[in-house]
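Spelled out, the chains give:
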Amino acid sequence: MSLLIMKPGLLTTVQDLGRYGFQQFGVIAGGAMDSYALRMANLLVGNDEQAAGLEMTVLGPEITFAAPALIAVCGGGLAPMLDGQPLPLWRSAYVPKGTRLHFGRLPGGCRAYLAVAGGIDVPVQLNSRSTYLRAGIGGHQGRALRSGDVLPVGTPSRRAAAWTERLARGSGAWQLDLWAGRLNRGLETGEFDNRQEAGRLNGGLETGQFDSGQEAGRLAGKLGAEVIAISSWYPAPALIPEYPKAPVVRVIAGEEYGLFSEESRRRFLSEPYMILPESDRMGYRLSGSVLELEQERSLVSAAVTFGTIQVPSGGAPIILMADRQTTGGYPKLAQVITADLPLLAQAGPGSAIRFRLVTLRQAQEQLMQREFELRRLRLVLEHM
Amino acid sequence: MGNKAEGRVPHLQNHTRTGLPRIIPLGDSAASVLFEAAVSPQTHRRVRAVCSRLSSAPFAGMLEFVPSFHSVAVYYDGHAVLKAYPQYIAPGEENYPYPVVAALLKDLLKHTEEQEAPAPRTVRIPVCYGGENGPDLEFVARHNGLSVQEVIDVHSSADYLVYMLGFAPGFPYLGGLSPAISAPRRSSPRLVIPAGSVGIAGDQTGVYPLETPGGWQLIGRTPLALFKPDAMPPVLLLAGDIVRFYPVSFREFSDMGDERL
């Protein structure tokens, strides 16, 4: 099985949860900017959370599936469509061979993640499949995707195979939403022999005559028509984040927090900062109130991490993101809490953000709670 | 972006020597073991001893560690830590892994005192000085009132200590540059510097592992790859190594080929 990239979109890269274990050698961690969305997408298609998917930024790609597949798109900003019909985010779908996935725009968020059952099977380099653009390693040939790229997909898990089969048959325990897009086209092109049956199916779908997907699926199967099937189940709303255009991002004090002037700290926590256009996977540059140290201080380079807010001598803060360097030498004002990194990852250039100070304990309790919820979801899925 | 370019080794003000390292949080997913803010071989040895201990006796839930001049950042998975060390959890803190990590690191440091850092390796790095490989060599000579050959002699006769790796994969932060050949950064950085370029900036020297923009004065280039993504470890130099540069001719440089290709 493979994905055919018809159009690459603005910046589409293969990402997993990152390249860990090599930061001591200066090799960045990288990985998905919104790792929560990627993990959820993977869970929805029966993958290990570590599996590689596609990170798509602002303008989505156009992709054709070379074989039937189980897919899910999570995240924000992009409106996925299958053969022209909307696919809701945070749901899995069965797509027959030849289905075209493309994207429109949605408010809220700027990055979406496509997971395919089996995961994107590019070679593992240094423990990860993540694309590291600057070093040209990982992902698909170490670069962003281009038109004409063919991406191999791995073998789906047994669970994924079972879900796929059920969805494809339009039967099983789930309610299915089937739609008529492909069927219409099939009728027009005379793809189906039994025009009467096809017409009945089509009409039934349009008038909502079928109260379960089962009957529609049975009819479709009889016709030999392959139907795109979207699962009617989806994660609990509490597990689906909203991505506000102007998020409040929680931070904990950084190592040098106390070295900043009281006035600077007050402004940092009370005034909005705007994410500048020259922001990318490596870091977000912010404009807003200039922040100053009580007295100029020279620092020695030390480890920095995802969400570290550094302030160079000019006073404009920089938030380090997924492709951050391993070490940095600017004063560390604060650290975005891990639970809020997805909000930040989805706030694109031009977004206004505000910061709110919390304690390390609050940050960790949030993180543990989120992990607990994900673990519980994983358990539920394993028994489905 | 997001970093002081090429990680300058600054002059330090406060050399308070308390001896015992501090343990502080680095965000909600890492902790730092912090020695006094000194760039010195002594502090470096203590940092290495901690790393050596973390390698040989990692705690459950530890993900990785990153040594720097005077600290070691230790990344951890909070859930795994809480699960593995219930006896360290204070009542009411069942979802708060940091105190557990801090306690584990404190224990680890107790055992580290006696431990010696492993003996350093010496790595010899061939450099083709000057010409197209080192377009700023003459500037560095002029700036210091030396001949080009004298700059090469000084640069290639010192033992440099790799304090840490950072900025780019395999980029060494070297200590030991003679003040006789120090030079300021270029007033306008080059947009593209070829991988393997050897440069000088202020009181430090280093080698660019990847093709990047940069503001260092370029005095030469090595054919050796500092970042080797298919090797293990994936870098030529390790923290604690001693580096010795030696001059090679343009012919020898070309014959060595470019490992990166």
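What you see is a predicted model; the values in this text were computed from it and never measured.

A. Here's a closer look at the overall build of chain B. Assigned secondary structure in chain B consists of six helices and 13 strands. Taken over 261 residues, chain B has a buried fraction of 55%. The contacts in chain B between residues at least 6 apart in sequence include a share of 61% that link residues at least 24 apart.

B. Spatial organisation of the interface of chain B and chain A. Taken together, the contact between chain B and chain A spans 59 residues of the former and 55 residues of the latter. When the two sides are added together, the surface that chain B and chain A hide from each other amounts to roughly 4,600 Å², 58% of it contributed by carbon and sulfur. Seen at the junction of chain B and chain A, the total is one salt bridge. With its nearest N and O atoms 3.4 Å apart, the salt bridge here joins E93 of chain B to R361 of chain A.

C. Quick look at empty space enclosed by the protein. Here the structure, examined in full by the defined rule, presents one cavity of 30 Å³ or more. In terms of lining residues, the largest cavity is bounded by 13 residues, among which G254 and E255 of chain A together with P25, L26 and G27 of chain B are the most central. It is strand β21 (residues 332–336) of chain A that provides the largest number of residues to the lining of the largest cavity, a total of three residues.

D. Representation of helix α8 (residues 360–382) of chain A. The end-to-end C-alpha distance of α8 of chain A, which contains 23 residues, comes to 33 Å, matching closely the 33 Å that a straight helix rising 1.5 Å per residue would cover. Among the residues making up α8 of chain A, those that are buried are L360, A363, Q364, L367, M368, R370, E371, L374, L377 and L381 of chain A.

E. Here's a closer look at the confidence of the model for chain B. Counting all residues, the mean pLDDT for chain B is 89, and 89% of those residues have values of 70 or more. Of the regions scoring below 50 in pLDDT, residues 1–18 of chain B engages in 60 contacts with residues more than four places distant in sequence or in other chains.

F. Representation of the packing of helix α1 (residues 35–44) of chain A against α8 of chain A within the structure. Residue and element names in this part refer to chain A. Where α1 meets α8, the axes come as close as 11 Å, and the angle between the chain directions of the two elements is 15°. Taken together, α1 and α8 sit at an angle that is classed as roughly parallel. For the pair α1 and α8, the crossing hand works out as right-handed. Counted together, Y36, R39, M40 and L43 of α1 and R370, E371, L374, L377, R378 and L381 of α8 form the full contact between these two elements. For the contact of α1 with α8, a count of residues per class yields six nonpolar, no polar and four charged.

G. How the structure looks around the sheet that holds strand β3 (residues 62–67) of chain B. All names here are of chain B. Reading across the sheet, the four strands line up as β1-β2-β4-β3 and stay open at both edges, with antiparallel pairing between neighbours. Whereas interior strands pair on both sides, the edge strands pair on one side only; in this sheet they are β1 (22–25) and β3. The average undirected angle you get between the axes of adjacent strands in this sheet is 20°. Relative to strand β4 (residues 71–76), strand β2 (residues 30–34) is paired through five bridges, and the arrangement is antiparallel. Counted as the bridge partner of A30 is Y75 from β4. Sheet strands touched by helix α3 (residues 98–112): β1, β2 and β4. Its angle to β1, the strand with the most contacts, is close to 155°.

H. View of the sheet that holds strand β13 (residues 242–247) of chain B. Residue and element names in this part refer to chain B. Taken in spatial order, the seven strands line up as β7-β6-β13-β5-β12-β9-β10 in an open sheet, and their pairing is mixed. For this open sheet the edge positions go to β7 (172–175) and β10 (204–207), each flanked by a neighbour on one side alone. For this sheet, the mean angle separating the axes of adjacent strands, direction not counted, is 40°. Bridge analysis of strand β9 (residues 197–201) against β10 gives four bridges, and the strand direction is antiparallel. Its bridge partner being in β10, I200 is matched across the sheet by T205. The strands touched by helix α4 (residues 137–144) within the sheet are β5 (122–129), β9 and β12 (217–221), with β12 carrying the most contacts at an inclination of about 125°.

Criteria and cut-off values
- Residues numbered from 1 in each chain as written.
- Chains lettered and ligands numbered in written order.
- Predicted model: local features only at pLDDT ≥ 70, side-chain atom pairs only at ≥ 80, totals over all residues.
- Heavy atoms only, no water.
- Helix = DSSP H or I, 4+ residues; strand = E, 2+ residues; numbered from the N terminus.
- Buried < 20%, exposed > 50% of the residue type's maximum accessible area, 1.4 Å probe, protein only.
- Contact = heavy atoms within 4.5 Å.
- Buried area = accessible area lost by both parts, 1.4 Å probe.
- Salt bridge = Lys/Arg side-chain N within 4 Å of Asp/Glu carboxyl O.
- 1 Å grid on protein atoms, 1.4 Å probe; cavity = no way out; pocket = protein on both sides within 12 Å on 5 of 7 lines; lining within 4 Å.
- Points joined across faces, edges and corners; volume = space filled by probe spheres on them.
- Expected span 1.5 Å × (residues − 1).
- pLDDT = per-residue confidence, 0-100.
- Axes fitted to C-alpha atoms, helices over the stretch in contact; angles between N-to-C directions.
- Parallel < 35°, antiparallel > 145°, perpendicular 65-115°, else oblique.
- Left-handed = near helix turned anticlockwise from the far one by under 90°.
- Nonpolar A, V, L, I, M, F, W, Y, C, P; charged D, E, K, R; others polar.
- Pairing = 2+ DSSP bridges.

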